[in-house]
Amino acid sequence: MSEEPQRVLITNVHLAHADANAAKQLWDVQCFNGRVLSIVPSDPETKRPVVTGHSSVIEGGGGVLLPSLCHAHIHLDKCFILEQCDPLLTGSLPEALYVTNKAKARFPERHADVYARATRLVRESVEAGVTVMRAYVEIDTAVGMVCLDTGLKLKSEWGGVCDIQIVAFSQEALYPSPGAEIPGENFELLKSVLTREGISVVGSAPWVEPSRGHAHKNIAHLLKLAQDHNLHADFHLDYNLDINAEPMVWETLRQMREVGWTKASAGNRRVTIGHATRLGLFSAEEWSTLRKQLSELPLEIVGLPQSDMYMMGRPTSDGTRSVPLAGRTLDAARIWHDHGVRIALSANNVENAFTPQGYLDPLTLACLGVGLFQVGTEPEWRELLRSVSTTSKEAIGIVDESDGLKGGADDGLVPCAGGPADFVLVHEAQRWQSAILSPGFDRTTVLGGRVVARRKALRWTARN
């Protein structure tokens, strides 16, 4: 006997309308079978639909209902490992690579710890409002398959609560030495796993290769693997602030065009680049050229502010800094406003040597962007909200059939009839602006019209 479709009513919520009057209005959102059925103004004098059978009511209490959040780029296996690393002495990128690799070497004998840390990341993310994430799990000669096995197990266990896109990821170089003409064992390991069920993405970090030529070959190998196995491709790319370094995004786009990976042919399959800090030095002309190419080629960009501002732009030996703090990562709101290119933002790492600070909550990341980039207008705040929700989903190929209905001033931040019933309800916010400027702790996460998490603070004070 088939299960009766779910009918859910979310009452008395504010929506993130750009229009001030609509934003002040309280709304009722009715969901049926995982989709939005109707959105009508709340009216306390009007009798609401009788809730029977498998139906339920979520009382919004005047909170703000937003699209559910998304980690477009997060490392599942390297989270919460700072205590397992040698003490940091410089905080530099080479040191982070060294201490992390040393800790990684112990992963195969600490399988239960890898699973426990990754589970914590997924659980706390869902409680914050995340319903989809792109999770990187490393595959190389040091860790073998332990990270991949953990990621695939969690993907299965959390199915129906959080959509976990597993990235079979090679953080280490595919070419073992500067003189190598063919890729080595890391590449063979990566190739060997791509037929396993549950892998959605193949990824690498071309910048770690021994030469620029090897980096270009890395990109070519990954694009071919992705096409052969019908996967997304994902690169840690252009992770520098060197104005004299030719951005590898151009080579990536050239190769995409060469192999025919276009919007017309690829469906929802994306090529996504993370970090991309070098793009922050682009001129208006370079942004214009990039925007034109992105109109034909499905390449997406994800900025990682917490990692980038910690690691990039460190002082030289004489103490000078070449790039100000806000220039060390991609300013999503202004890039969209000035150049028409959308940038997703994501957490990347949590409590490890690459990102010792910061939390995994996408709304606190958007809040950080307000001060970091000194953005004070509502359109900019809306773009930051979008960067950790709708834009992040688009960046990893989560495109819904109703997306064509989301245009206009509200642009993906307000639910529409027929759209997916995937939300985060921020209870303490009474207007959408507060959800980014001072995101509250108490939240309800909804996936497919079903509550999958509630987070509520236990409060007590000594005041009578």
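Bear in mind the structure is a predicted one, so any value in this text is a computation, not a measurement.

K.L.:
Describe the pairing of strand β6 (residues 69-75), with residues and values.
P.N.:
For β6, the tally of buried residues reaches 7 of 7 residues, placing the bulk of the element in the interior. Bridge count for β6 against strand β7 (residues 130-138) is 5 bridges, and the pairing is parallel. Note that in β7 the partner of H71 across the bridge is M133.

K.L.:
Account for the packing of helix α3 (residues 111-128) against helix α4 (residues 146-157), with residues named and values stated.
P.N.:
At a closest axis distance of 10 Å, the pairing of α3 and α4 adopts a crossing angle of 45 degrees. Taken as axis vectors, α3 and α4 run oblique relative to one another. By crossing handedness, the relation of α3 to α4 is classed as right-handed. Residues H111, V114, Y115, A118 and T119 of α3 lie in contact with α4, whose contacting residues are V146, D149, T150, K153, L154 and E157. Of the residues contributing to the contact of α3 with α4, the split by class is 5 nonpolar, 3 polar and 3 charged.

K.L.:
An account of the sheet that holds β6 is requested, with residue identities and associated values reported.
P.N.:
Taken together, 8 strands build an open sheet; the order of strands is β6-β7-β8-β9-β10-β11-β12-β13 and the sheet is parallel. Both edges of this open sheet fall to β6 and β13 (344-345), since each of them pairs with a single strand only. In the sheet, strand β11 (residues 271-275) pairs with strand β12 (residues 299-303) via 4 bridges, with the strands oriented parallel. Each residue of the ladder has a partner; that of T272, found in β12, is E300. Each of β7, β8 (163-170) and β9 (199-204) is contacted by α4, which is oriented at about 170 degrees to β8, the strand it contacts most. Its contacts with the sheet place helix α6 (residues 212-229) against β9, β10 (232-237) and β11, and it is angled at close to 160 degrees to β10.

K.L.:
How would you summarise the side chain of Q433 if you had to cite specific residues and measurements?
P.N.:
Here Q433 is to be found in helix α15 (residues 432-437). Looking at Q433, the relative accessible area reads 8%, which means it is buried. If we skip the residues at most four places from it in the chain, Q433 touches E378 and W381.

K.L.:
Lay out the packing of aromatic side chains in plain terms, naming residues and giving numbers.
P.N.:
What the rule picks out here adds up to 4 aromatic pairs. Judged by centre distance (5.7 Å) and plane angle (75 degrees), the rings of W207 and Y239 are edge-to-face. Of the two residues, W207 is situated in the loop between β9 and α6 and Y239 in the loop between β10 and α7 (249-259); the sequence distance between them amounts to 32 residues. Judged by its relative accessible area of 24%, W207 is partly exposed. According to the relative accessible area criterion, Y239 is buried, its value standing at 9%. Seen from their ring centres, F282 and W287 are 5.3 Å apart, and the 65 degrees between their planes marks the pair as edge-to-face. On the basis of relative accessible area, F282 is assigned to the buried category, the value being 8%. The exposure class assigned to W287 is buried, which follows from its relative accessible area of 3%. Every member of this aromatic cluster is reached through a ring pair, and the members are W250, F282 and W287. Here the basic side chain of R455 rests over the ring of F441, its NZ or CZ set 4.0 Å away from the ring centre.

Rules used throughout
- Residues numbered from 1 in each chain as written.
- Predicted model: local features only at pLDDT ≥ 70, side-chain atom pairs only at ≥ 80, totals over all residues.
- Heavy atoms only, no water.
- Buried < 20%, exposed > 50% of the residue type's maximum accessible area, 1.4 Å probe, protein only.
- Helix = DSSP H or I, 4+ residues; strand = E, 2+ residues; numbered from the N terminus.
- Pairing = 2+ DSSP bridges.
- Axes fitted to C-alpha atoms, helices over the stretch in contact; angles between N-to-C directions.
- Parallel < 35°, antiparallel > 145°, perpendicular 65-115°, else oblique.
- Left-handed = near helix turned anticlockwise from the far one by under 90°.
- Contact = heavy atoms within 4.5 Å.
- Nonpolar A, V, L, I, M, F, W, Y, C, P; charged D, E, K, R; others polar.
- Phe/Tyr/Trp six-rings, centres within 6.5 Å; stacked < 30°, edge-to-face > 60°.
- Lys NZ or Arg CZ within 6 Å of the ring centre and 35° of its normal.

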